[in-house]
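Topology and contacts: notes
Each chain, written out:
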Amino acid sequence: MSELIRKVMERSCSEFAEIPAVRWLEKKDIRERSYKELGENITLIRKGLLSEGFGGSRIAFVGGSSVWWVESYLGAVTGNMTAVPLDAGMPAEELAELINRSDCTGLFIDEAKKDLIPEFSAKCPALKKVWLLNGEAGNAETLAVLMDNGRAYDGDAGSSPDDTAMIIFTSGTTGKSKGAMLSQNNLAANLEAMSFASKPGVVLLNVLPIHHAFCLVMDWLRGFDKGAVICVNDNMMHLVRNMGIFRPHAMLMVPLMIETILKRIDAVKEPVSKPEAAQMIFGGRLRYIFTGGAHLDDYYLERFREFDIKILEGYGMSECSPVISANTPVAYKYGSVGKPLPNMEVKIAENGEILVRGSSVMKEYYNMPAETAAAIVDGWLHTGDKGYIDEDGYIFINGRIKNLIILSNGENVSPEEIENKLGVNDLIGEVVIVGENNGLTAVVYPDPDAVKAGSLDEEGIRNGIQAFLDEYNKTQPTYRHIVGLRLRETPFEKTASRKIKRDRV
Amino acid sequence: METKFKEILAQYTTLSADEITESTRFRDDMALSSLDFMTLLGEVEDEFDIEFEESDAVGIFTVGDALALIGRKTGNE
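Residue numbers run consecutively from 1 along every chain, following the written order of its sequence. Chain labels run from A onward and ligand labels from 1 onward, assigned in the order the entries are written. Totals for whole chains, interfaces and linings use all residues, but because this is a predicted model, local features are given only for residues with pLDDT of at least 70 and pairs of side-chain atoms are given and counted only at 80 or more.

1. Here's the deal with the overall build of chain B
- Check the secondary structure of chain B and you find three helices and zero strands.
- Counting from the N terminus, the helices are DSSP H or I runs at least four residues long and the strands are E runs at least two residues long. Its helices and strands in sequence order give chain B the pattern α-α-α, from N to C terminus.
- To get the radius of gyration, use the C-alpha atoms; to get the globule rule, take the number of residues to the power 0.38 and multiply by 2.2 Å. For 77 residues, the compact-globule formula gives about 11 Å, and the C-alpha radius of gyration of chain B, at 11 Å, lands near that figure.
- Projected onto its principal axes, the C-alpha coordinates of chain B cover approximately 30 × 25 × 20 Å.
- To sort residues by exposure, count the other C-beta atoms lying within 10 Å of each residue's C-beta; 20 or more gives buried, 12 or fewer gives exposed, and values between give partly exposed, all with C-beta atoms placed from the backbone. Within the span of chain B, comprising 77 residues, buried residues form 25% of the whole.
- Throughout, a residue-residue contact means that the two C-beta atoms, derived from backbone geometry, are no farther apart than 7 Å. Partitioning the contacts of chain B with sequence separation of at least 6, the portion at a separation of at least 24 is 57%.

2. As for the overall build of chain A
- Looking only at helices and strands, chain A features 16 helices and 27 strands.
- For 505 residues, the compact-globule estimate of 2.2 N^0.38 gives 23 Å, and the C-alpha radius of gyration of chain A, at 23 Å, lies within 12% of that figure.
- Along the longest, intermediate and shortest principal axes, the C-alpha atoms of chain A span 70 × 55 × 55 Å.
- Taken over 505 residues, chain A has a buried fraction of 48%.
- Residue pairs at least 24 apart in sequence account for 64% of intrachain contacts in chain A once pairs closer than 6 positions are excluded.

3. So, the domain arrangement of chain A
- How far each domain reaches was decided by an automatic or database domain assignment. The assigned domain composition of chain A is domain 1 (5–159), domain 2 (203–405) and domain 3 (414–504).
- Taking the mean C-alpha position of each, domain 1 of chain A and domain 3 of chain A sit 40 Å from one another.

4. Concerning the nonpolar core
Residues and elements named next belong to chain A.
- If you look at the biggest cluster of nonpolar residues, it comprises 147 residues, and the most contacted ones within it are I59, A83 and L107.
- Examining the composition of this core, we find that nine residues originate from one element, helix α8 (residues 213–225), more than from any other.
- Counting contributing residues, this core receives three or more from each of domain 1 (5–159) and domain 2 (203–405).
- Under the definition applied here, buried Ala, Val, Leu, Ile, Met, Phe, Trp, Tyr and Cys residues are grouped into a nonpolar core through C-beta atoms within 7 Å. Counting 13 residues, the second largest nonpolar core, distinct from the first, contains I418, L440, A442 and V483.

5. Points about the sheet that holds strand β10 (residues 203–206) of chain A
All names here are of chain A.
- Between any two strands, at least two bridges found by DSSP are needed for them to pair. Taken together, nine strands build an open sheet; the order of strands is β2-β1-β11-β10-β12-β13-β14-β15-β16 and the sheet is mixed. Looking at the sheet topology across the chains shown, the edges are occupied by β2 (29–34) and β16 (339–340).
- Where strand β1 (residues 20–26) and strand β11 (residues 229–232) come together, two bridges link them in parallel fashion. Looking at the pairing, R23 lines up with C231 of β11.

6. Points about the packing of helix α9 (residues 239–246) of chain A against helix α2 (residues 34–48) of chain B
- Packing of α9(A) against α2(B) leaves a shortest axis separation of 8 Å and a crossing angle of 70°. In this view, α9(A) runs roughly perpendicular relative to α2(B), as classed from their interaxial angle. Residues A:L239, A:V240 and A:R241 of α9(A) touch α2(B), and the partners they reach there are B:T39, B:G42 and B:D46.
- Under the convention adopted here, Pro, Cys and the residues Ala, Val, Leu, Ile, Met, Phe, Trp and Tyr are nonpolar, Asp, Glu, Lys and Arg are charged, and Gly plus all remaining residues are polar. The class makeup of the residues in the contact of α9(A) with α2(B) is two nonpolar, two polar and two charged. Working convention: axes come from line fits to C-alpha atoms, limited for helices to the stretch in contact. Angles between N-to-C directions cover 0 to 180 degrees. Just so you know how the angles are binned, under 35 degrees is roughly parallel, over 145 roughly antiparallel, 65 to 115 roughly perpendicular, and the rest oblique.

7. Things to note about the environment of A:G293
Residue and element names in this part refer to chain A.
- Take G293: it is sitting in the loop between β13 (288–291) and α12 (298–305).
- G293 gets classed as buried once you count the C-beta atoms within 10 Å, which come to 28.
- Residues G293 and A267 lie 26 residues apart in sequence; the distance between their C-alpha atoms is 26 Å.
- Among residues more than four places away in sequence, those in contact with G293 are F214, V254 and G410.

8. Describing unusual backbone geometry
Residues and elements named next belong to chain A.
- That bond from E270 to P271 is cis: its omega, 10°, falls within 30 degrees of zero.
- Considering the arrangement of structural elements, one finds P271 in the loop between α10 (255–267) and α11 (274–282).
- The linkage connecting S321 with the following residue, P322, adopts the cis geometry, with an omega of -10°.
- Locating P322 in the fold gives a position in the loop between β14 (310–316) and β15 (323–326).
- Non-glycine residue R247 carries a positive phi angle of around 50°.
- Even without glycine at this site, S321 takes up a positive phi of about 65°.
- Following the sequence through the fold, S321 ends up in the loop between β14 and β15.

9. Focus: the environment of A:I230
Residues and elements named next belong to chain A.
- In this structure, I230 sits in strand β11.
- Counting along the chain gives 18 residues from I230 to P248, while the straight-line C-alpha distance between them is 8.9 Å.
- Ignoring anything within four residues of it in the chain, the contact list for I230 reads A21, V22, L204, N206, D219, W220 and G223.

10. Remarks on the interface of chain A and chain B
- On the side of chain B, 19 residues touch chain A, which itself brings 24 residues to the contact.
- Those elements that place two or more of their residues in the side of chain A that touches chain B are α9, α10, α16 (458–474) and β27 (482–487) of chain A.
- Here the residues of the side of chain A that touches chain B sort into nine nonpolar, ten polar and five charged.

Structure representation (structure tokens):
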């Protein structure tokens with residue numbers, strides 16, 4: 001068994017040397033990188049980082065999926081560094097906070113985000129260096145220079161199986177995100193356990209955000225492990241176009257994508273049949289869609305069977321590197337999230353909560369001992385999800401214990417985190433965020449004093465709050481947009497300790 | 001331009017062309033998901049042979065906002 005990501009990559013880059021590892025678009029041209037070239041670039045970036053004194057450091061990544069992002073990430077984790085992938089869509093202030101909280105001393109950043117470099121330099125005192133993933137900027141080193149430094153360097157330190165390979169931030173129920181520390185062995189064990197067969201050269205289209213554990217481990221690391229050709233979807237706007245260009249055999253998607261594509265298939269008019277429309281849209285070769293992150297209704301599984309595409313649902317969380325269970329092409333049951341992976345034990349607590357232990361469960365939350373102690377009790381990780389295991393060993397999920405909103409795009413949203421930000425508006429007396437119609441809705445009790453002071457009627461209140469929400473939305477990644485507003489005439493019902501009773505909203 | 005845009009839009013909503021005005025909101029009134037909206041922009045790019053930046057989508061809430069954006073990109077303001 002490979003216990004290190006470096007061993008996985010060295011084997012793949014040697015065994016699949018001549019196969020394309022990554023394909024992407026530049027304007028309308030398809031570019032590609034072979035496994036051999038990928039391996040060479042990873043080595044040069046790793047040595048470059050070591051030559052510049054970053055051995056043993058934590059390094060942040062801010063950018064969308066790209067060959068440069070993944071090469072730099074692997075440069076870090078095949079050495080003795082810890083990668084901290086961040087959501088490039090987050091406001092700069094929140095990114096700076098996470099860079100500080102994870103004690104990162106280096107940062108790789110996409111050219112599209114280079115305007116944020118001065119802000120990070122000012123707000124992140126521990127940050128020693130910024131590398132630009134593509135393009136050039138006066139205040140950051142280019143990848144070409146980093147790789148040149150690597151070429152001239154003799155050392156090549158690696159890591160041990162228990163070393164932390166990456167820290168993934170997940171939404172916390174207290175409004176503060178937590179950094180799940182995943183070791184080299186946590187990641188390698190998850191790859192090893194997803195053992196079902198896949199031929200080298202199989203084409204995958206990467207459409208999920210690369211800072212997510214599901215995407216990073218299951219699309220990229222597992223894809224490389226199996227010798228897949230991983231194609232980059234440059235923008236969600238171009239999802240349909242790019243499926244036609246790259247013609248994938250398999251894709252990882254969150255339920256929202258599956259729901260959206262089915263709407264596009266259904267919008268194609270006669271005389272084109274639905275299966276023909278699906279062939280056109282998917283590029284004609286798609287056979288498997290792996291999904292997770294949120295529940296997908298059985299309806300979609302049935303509909304995609306009409307197109308000869310099998311949707312295989314799985315279950316996981318960042319804290320488990322990330323897959324806990326999965327349906328496979330040969331062992332699946334509709335409605336379930338599959339059987340636990342061979343390296344994971346799953347049991348159901350008395351209150352119905354799913355508990356997990358095994359070699360993919362994280363080490364701890366970074367610098368959060370109390371949260372770690374609450375999450376891992378007697379060696380079992382408390383998932384916060386409720387479910388049951390049927391007589392054949394398949395897991396079914398049927399509820400949640402922790403207060404997180406799971407959207408169908410797989411994003412977990414902490415309502416308190418958003419409520420705290422909206423609460424600063426004078427017109428908002430009390431607010432609760434709920435998940436409705438695939439998005440977030442703010443339920444607001446307007447502040448009576450502010451309403452009186454402004455002599456506002458209901459329309460005035462609504463317009464005032466909507467204008468504030470529109471401004472708030474402009475600063476947030478799309479999945480955190482508030483897309484609905486409901487006003488209420490009375491304050492929320494509270495517990496004895498003055499907390500809002502969320503189940504009564 | 002407006003007619004063509006509304007034709008594309010008709011495939012994304014149950015609202016009729018008459019019900020769609022410049023103040024119609026994509027999320028609240030048409031119930032488009034964030035991904036429906038991005039896919040719509042991709043289709044508009046192909047139809048009008050224009051290119052949007054990721055940042056262009058920020059601040060586009062209504063049909064009027066989208067028409068103004070397309071106008072800017074096609075030079076037909």
